[in-house]
Amino acid sequence: MDPQFEKKSLSRLTFQPSIYDLFLKPSLSELCQSEKEAYQLIVDFMEPGEMSQLDKLNFLNAVEILSSVVRDQANGNMNNYYPKTLLAKKIETLILEEPTEILDSNVRQQAMLCIVALSQVKPPFHLCQKLDLVNVGITSVFSLPLIMPSLDRKESASLYLQTIQALDDMLQALVMEQRNPNMIVLQKFVEIILPWLMLSDKVHEQTRALSTISRLLRFICNFSELSYMVSFSIIGRLIATFSIFCMNPSQEISGGALEALYYLFTILVLQRSIRPKTATILKDLQKHFRGNWMANMQNLTLFFRKYLTPVERADVIIVAMEAMNSDNINTIIAASEMLTMILKYPLTDIAKVPEIIQLIYYYIDSMTEEAAQSAIKKVFQLLVQSHTDEVILTLFKIEDLSQRGTHRSWEILASFPKSYQVIMEYLLQKLISLQTPRDQGTGHETELSTPIITRAIHELLLVPSQRSEVQTVFASLFVALLFQISFLVTNRSTVGQDKLHETECAELVSSSIKALKTLLRSSGYLDHMSYIQTLRGWELLVNPERHYYGVTMLARSLVIKNCWHNRPVFRFLIRTLEDPACVNHFTALVFLTELLHCPDVAGAVDADSTKVLADWFKCEEPATEHLFLQISETFTKHKNTMRHFHILQPYVLSCCYSSSSEVVMETFLMLQRILKDLTWYHSSSFIIELTFTLAHFFEEESEQLRLIVFEIYGNILTKVSRMTLAFPLKHQILNLIILLVLHLKDVNTDVVEVCRRTLYKLATIMGWFKLKVVFAKKDVFAILGALLQQERSRAIWFLKQSVALFKSPQGPIRQVAVWFTGQVIRVLNRAEKEEIEDEYIAFRYMQRDPDPIVSCLTVQTFYILEVKETVTPAKTPSSCLCMRKFRRRDG
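Residues numbered from 1 in each chain as written. Predicted model: local features only at pLDDT ≥ 70, side-chain atom pairs only at ≥ 80, totals over all residues. Heavy atoms only, no water.

J.: For the overall build of the protein chain, give the residues involved together with the corresponding values.
T.: In terms of regular secondary structure, the protein chain is built from 49 helices and two strands. Out of the 891 residues belonging to the protein chain, those deemed buried represent 54%. Taking contacts inside the protein chain between residues at least 6 apart in sequence as the whole, the part at least 24 apart equals 73%. Surface exposure of the protein chain reaches about 41000 Å², of which carbon and sulfur atoms provide 52%. (Helix = DSSP H or I, 4+ residues; strand = E, 2+ residues; numbered from the N terminus. Buried < 20%, exposed > 50% of the residue type's maximum accessible area, 1.4 Å probe, protein only. Contact = heavy atoms within 4.5 Å. Areas by Shrake-Rupley, 256 points an atom, 1.4 Å probe, with all protein chains shown as cover.)

J.: Describe the side chain of Thr301, listing the residues and the values that go with them.
T.: Take Thr301: it is sitting in helix H13 (residues 293–306). For Thr301, the contacting residues outside a window of four places in its chain are Met341, Ile342 and Tyr345.

J.: I'd love a proper account of helix H33 (residues 622–635), names of residues and values included.
T.: The end-to-end C-alpha separation of H33 is 20 Å, in line with the 20 Å expected for 14 residues at 1.5 Å each. For H33, the tally of buried residues reaches 11 of 14 residues, placing the bulk of the element in the interior. Among the residues of H33, those classed as buried are Thr624, Glu625, His626, Leu627, Phe628, Leu629, Ile631, Ser632, Glu633, Thr634 and Phe635. Here the buried face of H33 lies against helix H30 (585–595), helix H32 (607–616), helix H34 (639–642), helix H35 (645–654) and helix H36 (661–675). (Expected span 1.5 Å × (residues − 1).)

J.: An account of a nonpolar patch on the surface is needed here, citing residue identities and associated values.
T.: Where nonpolar side chains cluster on the molecular surface, the patch consists of Tyr863, Ile864 and Val867 and spans about 300 Å² of accessible area. Along the polypeptide, Ile864 turns up in helix H48 (residues 852–871). When its relative accessible area of 47% is taken as the criterion, Ile864 is described as partly exposed. (Patch = residues over 30% accessible without salt bridge, like charges linked within 9 Å, V, L, I, M, F, W, Y side chains within 5 Å. Salt bridge = Lys/Arg side-chain N within 4 Å of Asp/Glu carboxyl O.)

J.: Account for unusual backbone geometry, with residues named and values stated.
T.: That bond from Lys122 to Pro123 is cis: its omega, -5 degrees, falls within 30 degrees of zero. Its location among the elements puts Pro123 in the loop between helix H5 (107–119) and helix H6 (127–142). Of note, Arg536 is a non-glycine position whose phi angle comes to about 60 degrees, a positive value. Judged by relative accessible area, Arg536 falls into the exposed class, the value being 52%.

As structure tokens, this is what we get:
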């Protein structure tokens, strides 16, 4: 035992002179003569002065006699005769006076037995006096030299055994409180004994400590009820300590530790197991008692998981880690093996996580043994998996308090690659979940706030040795940080409602930007960062008014610099957009709009991802429609995306009917551009559908839009040949021919020019070779006349087209429509005129047209038709009757 420790233990004792004269003299009438003599002897010896060995024994005997008297009295109290406290102090003095170099008398033994007798009478000892007595008794006995049984030392060995028994009796007597052991007192006793096991370098002292604890625990096992069992807080420490000493090279020490561990397990079974199973568990425990090391380690694993509290489990780990940091190789190996054994299974609930993490932080560099390093890595990994929040918060706390260098607490993760990845993925999922509305109201609170998560991610990214681990989470982390920045920048009012002050918001944005920059830097994208800086992308990103342009610049840098994470980023964005409640969908679409220009990304597009995009464009938000049109145009630029363009086609054409005039204009401009790259072979269905869609926009009042529509139609006809012309396209082309001719009178001269070129193409497609020259050079009236003459069989069809143009907003077009309607009616026979009743009514209504030229022409045309019928009744009696019928209905 360390002399300094011994000196420290003994220094706890304090002495007071006898003050008996201050007390009233007791009544001795009830005592017999021998008891009176014992009492007087006590009084005499309590006075200061030297005492012989015989005097000491006589004094101790007298105390026992008086204790017996008090014990037999109904309401006996030692203080009625002599203060019990003073008697105990005197006995402590006697024990202290015994030499520790040799055991040559039974004074120690009798003194401790005397304490046993005193403990059985009132008043009870105070806890502090119990501890003084135990400390003195333990020091006096354990300090004795090794006493080996031999023929020439029988008496000495016998006296030693009697002294040990007396010590046990004293400990057992003092640990009792009424009829049950007091576990708080027991813990104090054990804490006095443990230093003799942990700090001593003498085997016999360690053996005495283990044996004493073992016998004390065995005594406790005799009681089914224990006082203050919940306050017995050293169970984990004891289990770890005994388990480590079970592997001590000394057979005496390992045996003593094994026995102590067994009785401690027995106490746990008796106090914490389900009663019907207690007997069976104890029987199984008995089978392994004094068995091999592996059997007892299996028991340890079982008890660790099943019987220990979270705090006790933590204590086991802490003690083992402290042992692994010792200078004793045997202790290091033993502690490592013990930890390895109990950590074979997933770590259940455990307390004191910050304390364990701090120990790992401070011990990791000093642990050089491979077994210890392996065990401590296992501890850290399991804690990271089961208590990630606490691990992260502890690393922050260490960083804030540590003087070992900036980011040292996070760099420690370099020793734990798997744990680094677990923490990074955990933080990433937390960050993503905080951005999901339905997760914000589930009630699952987390200790980690968004600022802490962001800061932790930044710290992890600064660890230089983990760049390969960063690559695996680059895409998801990049998008999550971008989404966080986007949400904060574009939703300042919402953030304010969440009580996040403007300053805190700005700090979080700054922290997120730093993390994003560090992510790019740690992934080797220095050129990308320079490019973004050149474009002032970072400034734009934090500017609420130009934020989305900053998002575009960020995506453009990845495309232009050919980032090899483009595909993973694309896939993650698509997975994000699969959630219809995605808060950051607009940011995702802005980024994708630019990212799809990357050939590698375009090659990764499939039908499923295209459908995800299409689903987001069902909403009628103009801003989203603008993005959709850009994405749709990009789809036509790559062979792979063009294969999936048909999925987007209905949504593209639906944009033509948007409530936003800007969206409509942008849609037709986009259609005009993409049509140049479309081929009839790959896009015939879309071209045909587009042709039908255009029919609704030829009469747009906007001259620019009307011109674009006619130009698109002209471009469509350039992609059609006589070989490919078939129903329904042929029917639609013929259905638009009168419209095309009449718009030669369009007020927009550019439209007129486009219509003439288109008519020429149409004549070529239809094989109307005679009309090609007419279409190219003649005026509208000549063209209509020639067309009617050549295609007389389609006269009624032409009539219907002409009547439809009565609604044209342009007067000149309505004027020509009226004229041509009259021309067609003149050539119709009776049967054909029976089919045009509705068209005739519409024609007659044109007499009320707001344009006087149109209305006047209509009246003149009707007059000419009536005169014609009157002049030639014999030739066309049916015509006259038909016209009269129409007039009667009009009247």
